[in-house]
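Architecture and fold: a report
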Amino acid sequence: MRLRLVPKETKWDFFSKSSLSLGFSGLMILLSVVFFFVQGLNFGIDFRGGTTIRTESAQTVVVGDYRAAIETLNLGDVSITEVFDPTFADDQNVTMIRIQAQEGQEAVTADVVDQVEAALRSVAPDISFVSVESVGPKVSGELIQTAVIAIILAIAAVLVYIWLRFEWQFAAGAVAALVHDVILTVGVFSIVQIRFDLAIIAALLTIVGYSLNDTVVVFDRVRENLRKYKKLALKDVLNLSINETLSRTVMTSVTTLLALLALFVLGGDVIRGFVFAMIWGVIVGTYSSVFVASAVLLKLGVKRDWSKPDANAGNQYANIDA
């Protein structure tokens, strides 16, 4: 007997309360925007500025020991990464230590660098600082601007692609779902105050791609069923299409979440923010594909004359059992 995450055949009505689901999503977006402007984000070194220190030691690097030694200095956001390179000698153990800029200063002062070196010598007595480089708030501000532009361009590219492949109503629904996912993700980071850095921007762009994948699968089946059931009401076509692709959607989301949960628990502090963003993004992305993108499509309506054949209609993975 095969395990199923959803029944073999479902006939659930996803639009009996579509106005309620859209209202709920709108409320969540509003709360996210309010928290963003009231509480702000806990920006990491990438956006706040700071100092990067490259260290070398003959002793094996234990990141946990390095972090424990530096935490006693109360320097705020500190990132420690071991560097691996095949050209390194056996006794050449290298780390990159990034320390956020302190209040009222553009970079970490020489006194603070000396304190960090003294703290690390308790762990690795032969440690040496090969280089010390600082990133000021001006560069960090440019990174924020570039990150915002990257997200906007990604969503704009999605708008054009869906518009060309389907119709403008489909594009509006897909973009509404993507904007919903991005704003809610930024909002939850503002609420829980998890460090927001360039890794989270990468997670946001990944969430855009993941959510779009789910949405396109549903829309592809909608287009196919619009040709097949030309007299069926649009609401019924959407319900039929979502039910037909539900197994695929659930299976993809659950298996992705299993991998992400393992990374969240075992992956360590360095990638925990990125993984948290991905977990949240998978959840809201799956939700938005059904209750935002399709609901917007239902509200806008769509043309019913799909007489022109399309060899690319349908999706070979849509009927995979979950």
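Bear in mind that the values here come from a model prediction, so they are computed numbers and not experimental data. (Residues numbered from 1 in each chain as written. Predicted model: local features only at pLDDT ≥ 70, side-chain atom pairs only at ≥ 80, totals over all residues. Heavy atoms only, no water.)

Considerations on the nonpolar core
The following threshold applies: For this analysis, a nonpolar core means a set of buried residues of the types Ala, Val, Leu, Ile, Met, Phe, Trp, Tyr and Cys, connected via side-chain atoms within 4.5 Å. The rule is simple: take the accessible area with a 1.4 Å probe, protein chains only, and divide by the maximum for that residue type; under 20% is buried, over 50% is exposed, in between is partly exposed. To qualify as a helix, a DSSP run of H or I must reach at least 4 residues; to qualify as a strand, a run of E must reach at least 2; elements of each kind are numbered from the N terminus.
Within the largest apolar cluster, 52 residues are counted, with the highest numbers of intra-cluster contacts made by Ile162, Phe170, Phe196 and Val222. Looking at this core element by element, the count peaks at 13 residues for helix 7 (residues 198-228). Ile99, Val116, Ala124 and Ile127 belong to the second largest nonpolar core, which has 16 residues in total.

Section: the environment of Asp114
Note that Asp114 resides in helix 4 (residues 110-121). A relative accessible area of 45% places Asp114 in the partly exposed class. Placed 15 residues apart in sequence, Asp114 and Phe129 show a C-alpha to C-alpha distance of 9.9 Å.

Re the packing of aromatic side chains
Filter applied, for reference: Note on aromatic pairs: the rings of Phe, Tyr and Trp (six-membered ring only in Trp) are paired at centre separations within 6.5 Å, and the planes decide the class, stacked below 30 degrees, edge-to-face beyond 60, tilted for the rest. A ring is considered to have a charge above it if a Lys NZ or an Arg CZ atom is located within 6 Å of its centre and within 35 degrees of its normal.
Tallied over the entire structure, the rule returns five aromatic pairs. Seen in terms of ring centroids, Phe170 and Phe219 are 5.0 Å apart; in terms of plane orientation they differ by 85°. Their pairing is edge-to-face. Within this pair, whereas Phe170 is found in helix 6 (residues 168-192), its partner Phe219 is found in helix 7, the two being separated by 49 residues in sequence. In this structure Phe219 comes out as buried when scored by relative accessible area, which is 0%. Consider the rings of Phe189 and Phe196, whose centres lie 5.8 Å apart with planes at 85°: the pair is edge-to-face. Among the aromatic residues, those joined into a cluster by ring pairs are Phe189, Phe196 and Phe276. The cationic tip of Arg272 hangs over the ring face of Phe264; the distance from NZ or CZ to the ring centre is 5.6 Å.

Brief notes about a nonpolar patch on the surface
This is how the line gets drawn: Each patch is built from salt-bridge-free residues with over 30% relative accessible area, joining like charges within 9 Å and nonpolar side chains (Val, Leu, Ile, Met, Phe, Trp, Tyr) within 5 Å. Accessibility throughout is a Shrake-Rupley quantity obtained with a 1.4 Å probe, and a residue counts as covered only by protein chains that appear here. By definition here, a salt bridge exists when the distance from a side-chain nitrogen of Lys or Arg to a carboxyl oxygen of Asp or Glu is within 4 Å.
Together, Leu27, Leu30, Leu31, Val34, Phe35, Val38, Ile191 and Val192 line one region of the surface with nonpolar side chains, adding up to about 700 Å² of accessible area. Of all elements in the fold, only helix 1 (18-38) and helix 6 reach the threshold of two or more residues within the nonpolar patch. Per-element accounting of the nonpolar patch gives the leading share, six residues, to helix 1. Topologically, Leu31 is positioned in helix 1. What makes Leu31 partly exposed here is its relative accessible area of 39%.

Quick notes on the pattern of salt bridges
Here the structure, examined in full by the defined rule, presents five salt bridges. Across the salt bridge formed by Asp214 and Arg248, the nearest N and O atoms sit 2.6 Å from each other. Of this pair, Asp214 sits in helix 7 while Arg248 sits in helix 8 (residues 234-266), placing them 34 residues apart in sequence. Of the residues examined, Arg248 reaches a relative accessible area of 8% and is grouped as buried. Here the salt bridges share partners, and the residues they tie into one network are Arg221, Glu224 and Glu244.

A short note on the environment of Glu71
Locating Glu71 in the fold gives a position in helix 3 (residues 63-71). Along the primary structure Glu71 and Val116 are separated by 45 residues, whereas in three dimensions their C-alpha atoms are 9.7 Å apart.

A word on the layout of surface pockets
Selection rule: The rule is simple: put a 1 Å grid over the protein atoms alone, call a set of points where a 1.4 Å probe fits but cannot get out a cavity, call an open set with protein on both sides within 12 Å along at least five of seven lines a pocket, and count a residue as lining if it has an atom within 4 Å of a point. Grid points are joined across faces, edges and corners, and a volume is the space filled by probe spheres set on the points. Note on residue classes: Ala, Val, Leu, Ile, Met, Phe, Trp, Tyr, Cys and Pro are nonpolar, Asp, Glu, Lys and Arg are charged, and everything else, Gly too, is polar.
Here the largest pocket is characterised by a volume of approximately 430 Å³. If you trace the largest pocket, you find 20 residues lining it, with Phe36, Val148, Ile151, Val182 and Val186 closest to the centre. Elements with a minimum of two residues in the lining of the largest pocket: helix 1, helix 5 (137-165), helix 6 and helix 7. At six residues, the largest contribution of residues to the lining of the largest pocket is made by helix 5. Its residues assigned to classes, the lining of the largest pocket comprises 18 nonpolar, two polar and no charged.

Focus on helix 3
Our working rule: For this quantity, the arc is that covered by the directions from the helix axis to the C-beta atoms. Between two residues, a contact is recorded if the distance between any of their heavy atoms is within 4.5 Å.
Taken together, the buried positions of helix 3 are Tyr66, Ala69 and Ile70. On an axial view of helix 3, the arc spanned by its buried residues comes to 95°, and they lie on one face. Packed against the buried residues of helix 3 are strand 1 (50-57), strand 2 (78-83), strand 3 (93-100) and helix 4.

Some remarks on unusual backbone geometry
Backbone phi values are negative for most residues with the exception of glycine, while trans is the configuration of most peptide bonds. Here Gln193, not a glycine, exhibits a phi torsion of approximately 60°, which is positive. When you line up the elements, Gln193 lands in the loop between helix 6 and helix 7. Classification of Gln193 by relative accessible area gives partly exposed; the value is 30%.

Description of the environment of Leu261
Assignment of secondary structure puts Leu261 in helix 8. For Leu261, a relative accessible area of 43% puts it in the partly exposed group.

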